[in-house]
Structures are given as structure tokens and as C-alpha cells.
Amino acid sequence: MSEQSKAREDICKIAKSLFDRGLTCGASGNISVRLSDGSFLVTPTGSSMGFLDPARISHLSEKMEFLDGDKPTKEIPLHSAFYDTRTQTGAVVHLHSTHSVALSMLPGTDPDNVLPPLTPYSIMRLGRVKLLPFFMPGDSAMGAAIRGLAGKRSAVLLANHGPVVAGKDLWAATYAIEELEETAKLSLLTRGLSPVGLPEETIQQVAKTFDVDW
Ligand code: ZN
């Protein structure tokens, strides 16, 4: 199977899994993958992540110009901002996942580091997650806000909207965004209950071991 056919299948398989677990609903959420020739596969606009067809995934050039397939998602600026500012990026996943969106709206959420250090997994897979403000749907300023981070973050949370995570490949980006949502859920479940998070020394040790900026 060619690299592109495999990537098309993986996108559909992962998208369906995310959708089936309620991590994004309706026609929300999108995925992109950079192929080794520099071109991109992107989920189509208006499509449900649960019912994608590998043959209809949008194929875009290195410059994100349309090549073939269905019309790509309108949230392309979120994806291109990561590819342009983090050259090691091989895939970007964006979801409208409930707990992350809830956390983005609560007072007391640190905009520079949204997730509390409750488990080592969110630290090692995401580093510090930046909260970005709310933007109107389709506003290209969303992409500009990610570009403004100059590639220093692999994950952001758009207020009242959802997370966007970049990874070295589709599996890495998926595992990382799942961890973001799980940690947001843990944070909400334990809010006000004085949870015992990881001690500072352990946090620093995890960050050092997995080479993440904390
Ligand atoms: Zn969105």
C-alpha cells in the first residue's frame, strides 16, 4: 500500500475512533497529515469524522493549494500555522472535545498553562498548553494567533471552541490530543476537591526526561 493510501486509511480510522468515543460531534473536528513529498491530506469541510471516505479526503499541495478530493476544511489556517512554525510537524488534529472546551471557559484556568500537572502523561505529550482567545468561526486570526507562538507550543486550546495539537505523525498528534481531553476531564472532576497534583520536583523530572518545555 502506498504512503498516501495508508495515510488516507489511517485518517478515516482515527477520525471514526475519535467520533465514536464522543471526542468531537456533528461535522466538527478536522485532521491533516503531511506526506513525505510535502503535500497534505486534509479532512473535507462539512464532513463528519465518523463517516469519512478515504477516496474523498482533500489533497493539497505543499503550499496548501487544492489538488483533488472534496473541498478541505475551512479551518486550514489552524493547520498551516503549525506546519509553518514547527517544521517537525507531520500531522495536526483539531477537536471540539467537551471537557477541553469547558475548561477553556472557567475562571482560574491559567492561560499560559491550561492543564494542571495531575499526571505525567499530559506533561510529556503536550508540554504547556496555551489558551488562545475566542475567534469567530472561520476567522483567519486563529491561525495568526498560533503563528504568534513562533513554534514554541505543540498544543493550543481555543477558548469556547476546542484544542488543536501538532505531532510528528498522526498517531502522536492523536495520542496527545486524547491526553489533553483526558486531563481536562480530570481537572474538572477534581475541581474544588483539593487534588494532590504532582510535586514540582517530579514535574521538572518528567519535563527533563521527555525533553519538553515546562
Ligand atoms: Zn473547530
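Computed from a prediction, not measured in an experiment: that's the story for all the values here.

A.B. asks: Sorry if this is basic, but what is going on with helix H6 (residues 170-190) here?
C.D. replies: Three or four residues apart is the spacing at which side chains of an α-helix point the same way, because the helix has 3.6 residues per turn. Over its 21 residues, H6 extends 30 Å from the first C-alpha to the last, a length consistent with the 30 Å expected when each residue adds 1.5 Å. All of the buried residues in H6 are Leu 170, Ala 173, Thr 174, Ala 176, Ile 177, Glu 178, Glu 179, Leu 180, Glu 181, Thr 183, Ala 184 and Ser 187. Following H6 by one or two positions, Gly 192 has its phi on the positive side, about 80°.

A.B. asks: Help me understand the coordination of the zinc ion, please; the structure alone is not making it clear to me.
C.D. replies: Six octahedral donors around a metal ideally subtend angles of 90 or 180 degrees, whereas four tetrahedral donors ideally subtend 109.5 degrees. Only Glu 75 (OE), Glu 75 (OE), His 94 (NE2), His 96 (NE2) and His 161 (NE2) from the protein coordinate the zinc ion, and they sit 2.1 to 2.7 Å from it. Each donor residue of the zinc ion belongs to the same chain, and together they define the spacing E-x18-H-x1-H-x64-H. Relative accessible area serves as the criterion here: at 0%, His 94 is assigned to the buried category.

A.B. asks: Would you mind going over empty space enclosed by the protein with me for this structure?
C.D. replies: Summary: where empty space remains is shown by rolling a probe the size of a single water molecule over the atoms. All chains considered together, the criterion is met by one cavity of 30 Å³ or more. The volume enclosed by the largest cavity comes to roughly 40 Å³. As for the largest cavity, its lining consists of Lys 74, Glu 75, Pro 77, Leu 78, Gly 138, Asp 139 and Met 142. Of the residues contributing to the lining of the largest cavity, the split by class is three nonpolar, one polar and three charged.

A.B. asks: Hey, could you run me through the environment of Lys 168 in this one?
C.D. replies: Positionally, Lys 168 belongs in the loop between strand S8 (162-167) and H6. According to the relative accessible area criterion, Lys 168 is exposed, its value standing at 63%. As for Lys 168 and Gly 90, which are separated by 78 residues in sequence, their C-alpha atoms are 4.6 Å apart. Sequence-distant contacts of Lys 168, defined by excluding residues within four places in its chain, comprise Gln 88 and Gly 90.

A.B. asks: What's the story with helix H7 (residues 200-209) in this structure? I'm lost.
C.D. replies: Within the sequence span of H7, burial applies to Ile 203, Val 206 and Ala 207. Angularly, the buried residues of H7 cover 100° about the axis, an arc narrow enough to put them on a single face. Away from the buried face of H7 by more than 90 degrees, exposed residues Glu 201, Gln 205, Lys 208 and Thr 209 are located. The inward-facing, buried residues of H7 abut helix H4 (120-126). Looking one or two residues beyond H7, the residue adopting positive phi is Asp 211, at roughly 55°.

Rules used in this analysis
Residues numbered from 1 in each chain as written. Predicted model: local features only at pLDDT ≥ 70, side-chain atom pairs only at ≥ 80, totals over all residues. Heavy atoms only, no water. Helix = DSSP H or I, 4+ residues; strand = E, 2+ residues; numbered from the N terminus. Expected span 1.5 Å × (residues − 1). Buried < 20%, exposed > 50% of the residue type's maximum accessible area, 1.4 Å probe, protein only. Donors = N, O, S within 2.8 Å, 3.2 Å for Na, K, Ca; no water. 1 Å grid on protein atoms, 1.4 Å probe; cavity = no way out; pocket = protein on both sides within 12 Å on 5 of 7 lines; lining within 4 Å. Points joined across faces, edges and corners; volume = space filled by probe spheres on them. Nonpolar A, V, L, I, M, F, W, Y, C, P; charged D, E, K, R; others polar. Contact = heavy atoms within 4.5 Å. Arc of directions from axis to C-beta.

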